[in-house]
Amino acid sequence: ADLLRVVVALFWSGHLVACGWYMLGSVHRDWFYDGGTWLDGSPVWTDSTFRDLHWSYQYISALQFSLSLVTPGTSDVIPRSDVEKTATVCLLLLGLLVMATLVGGIVAVMTQHQLATQVAQTKFVQLCKFLREHNTDQTLSTSIVQQALWRQKAQTRTRREDVELLQVLSSTVRADLQYNH
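Please read these numbers as outputs of a predicted model, since none were measured by experiment. By convention here, each chain's residues receive numbers from 1 onward along its written sequence. Local features are withheld for residues below a pLDDT of 70 in this predicted model, meaning they are given only at 70 or higher, and side-chain atom pairs are given and counted only at 80 or more; totals for whole chains, interfaces and linings count all residues. Note that water and hydrogens are dropped before the side-chain values are worked out from all heavy atoms of the structure.

Draft legend 1. Molecular detail of unusual backbone geometry. Even without glycine at this site, asparagine 135 takes up a positive phi of about 50°. Counting from the N terminus, the helices are the DSSP runs of H or I reaching at least four residues and the strands are the DSSP runs of E reaching at least two. Among the structural elements, asparagine 135 can be located in the loop between helix H3 (82-133) and helix H4 (138-155). Here's how the labels work: a residue is buried when its accessible area is under 20% of the maximum for its type, exposed when over 50%, partly exposed in between, all with a 1.4 Å probe on protein chains only. Here asparagine 135 falls in the exposed class, since its relative accessible area comes to 69%.

Draft legend 2. Just the pattern of salt bridges, in detail. Should a side-chain nitrogen of Lys or Arg be within 4 Å of a carboxyl oxygen of Asp or Glu, the pair is scored as a salt bridge. Counted according to the given criterion, the structure contains 2 salt bridges. Close ionic contact of aspartate 40 with arginine 51 constitutes a salt bridge, the shortest N to O distance being 3.0 Å. Here aspartate 40, found in the loop between helix H1 (2-26) and helix H2 (55-68), pairs with arginine 51, found in the loop between H1 and H2; they are 11 residues apart in sequence, far enough to count as distant. Lysine 129 is paired through a salt bridge with glutamate 133; the nearest N and O atoms lie 3.9 Å apart. A residue pair is termed a helical-turn pair when its members lie 3 or 4 positions apart in one helix, as lysine 129 and glutamate 133 do in helix H3 at 4 residues. Classification of lysine 129 by relative accessible area gives partly exposed; the value is 42%. For glutamate 133, a relative accessible area of 51% translates into the label exposed.

Draft legend 3. View of the nonpolar core. The nonpolar core is taken to be a set of buried Ala, Val, Leu, Ile, Met, Phe, Trp, Tyr and Cys residues, with the residues joined through side-chain atoms within 4.5 Å. Core analysis: the largest hydrophobic core is formed by 12 residues, namely Ala18, Trp21, Leu24, Trp38, Leu39, Phe50, Ala62, Leu63, Phe65, Leu67, Leu69 and Val77. When contributions to this core are tallied by element, the ones reaching two or more residues are H1 and H2. Looking at this core, the element that brings in the most residues is H2, giving 4 residues. Those residues in contact with alanine 18 that sit more than four places away from it in its chain are Tyr59, Ala62, Leu63 and Ser66. Only heavy atoms matter for contacts: two residues are in contact if any of them lie within 4.5 Å across the pair.

Draft legend 4. Representation of the side chain of glutamine 58 in the model. With respect to the helices and strands, glutamine 58 occurs in helix H2. Aside from chain neighbours lying at most four places away, what touches glutamine 58 is Tyr22, Trp38, Leu39, Phe50, Arg51 and Leu53.

Here's what the structure looks like:
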């Protein structure tokens, strides 16, 4: 679910940047130098300009350009004016910041999960070592390990008393919550 939200947010951000990029290329050409805007450039497969092509191709090209700013992708769109180049530099820096934050968050979650898994594994290695060193019967050892696994899973559920904010709720709402479960 979290990964899906990240992908949706990435495409939504790309859409907003693409719309802004299209708007920047659509403003009056006299505002720019003689080279025009990115819409006056040509895709590699045709001699026509982006401006001469269907609006859907213009949008998809702008979207591809916006996503290529934060991924190792390429695009036919080339900023032609100083305003477009400045906007591109700003978007590249913003994209770098966003992607660094995203990657940092992913690494933090993965590290936290890895540490939790490592702690759990260490506990079970210690239990198995204890059982082995004390020559515990194999059937009893299996039963102990299975029960420890089951109880550890049961402990990972969040208990009502562990959630501090539930304590500040009114007694009526807390009672509703208790009857709901």
